[in-house]
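Each chain, written out:
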Amino acid sequence: MSEILLAATDVHRSFGPTEALRGAGLTVEAGEIVSVIGPSGSGKSTLLHCAAGILPVDAGTVTYRGVDLAGLSDRERSRLRLHEFGFVFQFGRLLPELSCRDNVALPLRLAGTARRPARAAAEEWLGRLDVEGVAEQRPGEVSGGQAQRVALAAALVGEPRVIFADEPTGALDSLQGEAVMRLLTTTVRHTGAALVLVTHEPRVAAYADREVLVRDGRTGETRAAA
Ligand code: ADP
Ligand code: MG
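Calculation criteria
Residues numbered from 1 in each chain as written. Chains lettered and ligands numbered in written order. Predicted model: local features only at pLDDT ≥ 70, side-chain atom pairs only at ≥ 80, totals over all residues. Heavy atoms only, no water. Helix = DSSP H or I, 4+ residues; strand = E, 2+ residues; numbered from the N terminus. Rg over C-alpha atoms; globule rule 2.2 N^0.38 Å. Buried < 20%, exposed > 50% of the residue type's maximum accessible area, 1.4 Å probe, protein only. Contact = heavy atoms within 4.5 Å. Areas by Shrake-Rupley, 256 points an atom, 1.4 Å probe, with all protein chains shown as cover. Salt bridge = Lys/Arg side-chain N within 4 Å of Asp/Glu carboxyl O. Pairing = 2+ DSSP bridges. Axes fitted to C-alpha atoms, helices over the stretch in contact; angles between N-to-C directions. Phe/Tyr/Trp six-rings, centres within 6.5 Å; stacked < 30°, edge-to-face > 60°.

## Some details on the overall build of the protein
And step 1. Broken down by element type, the protein carries seven helices and ten strands.
And step 2. Its C-alpha radius of gyration of 17 Å places the protein within 12% of the 17 Å reference for a compact globule of 226 residues.
And step 3. With the principal axes as the frame, the protein shows a C-alpha extent of 45 × 40 × 40 Å.
And step 4. Each of the 226 residues in the protein was classed as buried or not, and the buried ones make up 48%.
And step 5. At a minimum sequence separation of 6, the contacts of the protein that also span at least 24 residues come to 69%.
And step 6. Accessible surface, the protein as shown: approximately 10,800 Å² in total, 50% of it carbon and sulfur.

As structure tokens, this is what we get:
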């Protein structure tokens, strides 16, 4: 039995009158790839943000390694996100004014790593993801597929224990999306990190060990991926 890293239980979260989550749950074991699937607007992103401690829950609990995130200070939660979690979003969310290398180095710099080793680690990760050639370029100067690989490098460089990916291939064509997804899953397997992968594409979900179905703010049964 693997260690349960993350457990969201009976989570409720509203935005004004909109009940985005009304009893959603998610568990993630060490090294596991879990896909979160469901139609647009069903609450997938909200669940991911609650599980990652980005959004507070209205009711229910989220624990990371047994610690309730609601009991942490903002500072402790940010530290947790910086040191334990990595994030990949649909459009990469790279900073346009920084080079690709500095974008990848940024999570390490924020976590307190000195400039030189942070840059060295960034270059190493760009190489692993086959985009060492864009190190000096800015995100706006590279292709969508390259930018998403840079974003993956930025998510992985801090050697997080859990990676949260929200529709990471949503902005790419299917060929590029497939390549990025294969890279993400193989790299994650290699590092032993857990991955929470939000997607509405069933084909993408097939890379996971387990699927969690979200519908109308509730999570359905979890089944083994095909
Ligand atoms: P999904 O990621 O599955 O498409 P979301 O979690 O983004 O779904 O959204 C679930 C519901 O909550 C939707 O009705 C959406 O419009 C609403 N919602 C999400 N975020 C916000 C927000 N910041 N403000 C207002 N409504 C939101
Ligand atoms: Mg979403």
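## Here's the deal with the pattern of salt bridges
And step 1. Counting across every chain of the model gives eleven salt bridges.
And step 2. A salt bridge links Glu19 to Arg22; the shortest N-O distance between them is 3.9 Å.
And step 3. The closest approach of N and O atoms between Glu84 and Arg161, which form a salt bridge, is 3.0 Å. Highlighted residues: Glu84 in helix H2 (residues 74-84) and Arg161 in the loop between helix H5 (144-156) and strand S7 (162-166), separated in sequence by 77 residues.
And step 4. Of the residues examined, Glu84 reaches a relative accessible area of 17% and is grouped as buried.
And step 5. Exposure remark for Arg161: the relative accessible area of 34% places this residue in the partly exposed category.
And step 6. A network of salt bridges, in which partner residues are shared, links Arg101, Glu123 and Glu136.

## A look at the sheet that holds strand S4 (residues 59-64)
And step 1. In spatial order, the strands read S2-S1-S4-S5; together these four strands make up an open sheet with antiparallel pairing. Strands with a single pairing partner mark the edges of an open sheet, and in this sheet they are strand S2 (18-29) and strand S5 (67-68).
And step 2. Contacts from helix H1 (residues 44-51) reach strand S1 (4-15), S2 and S4, with the element oriented near 55 degrees to S2.

## Details of the packing of aromatic side chains
And step 1. Going through the model one piece at a time under the given rule, you end up with five aromatic pairs.
And step 2. Their ring planes at 75 degrees and their centres at 5.0 Å tell us that Phe85 and Phe164 sit as a pair that is edge-to-face. Of this pair, Phe85 sits in strand S6 (residues 85-88) while Phe164 sits in strand S7, and the two are 79 residues apart along the sequence.
And step 3. Phe85 sits in the buried class, given a relative accessible area of 5%.

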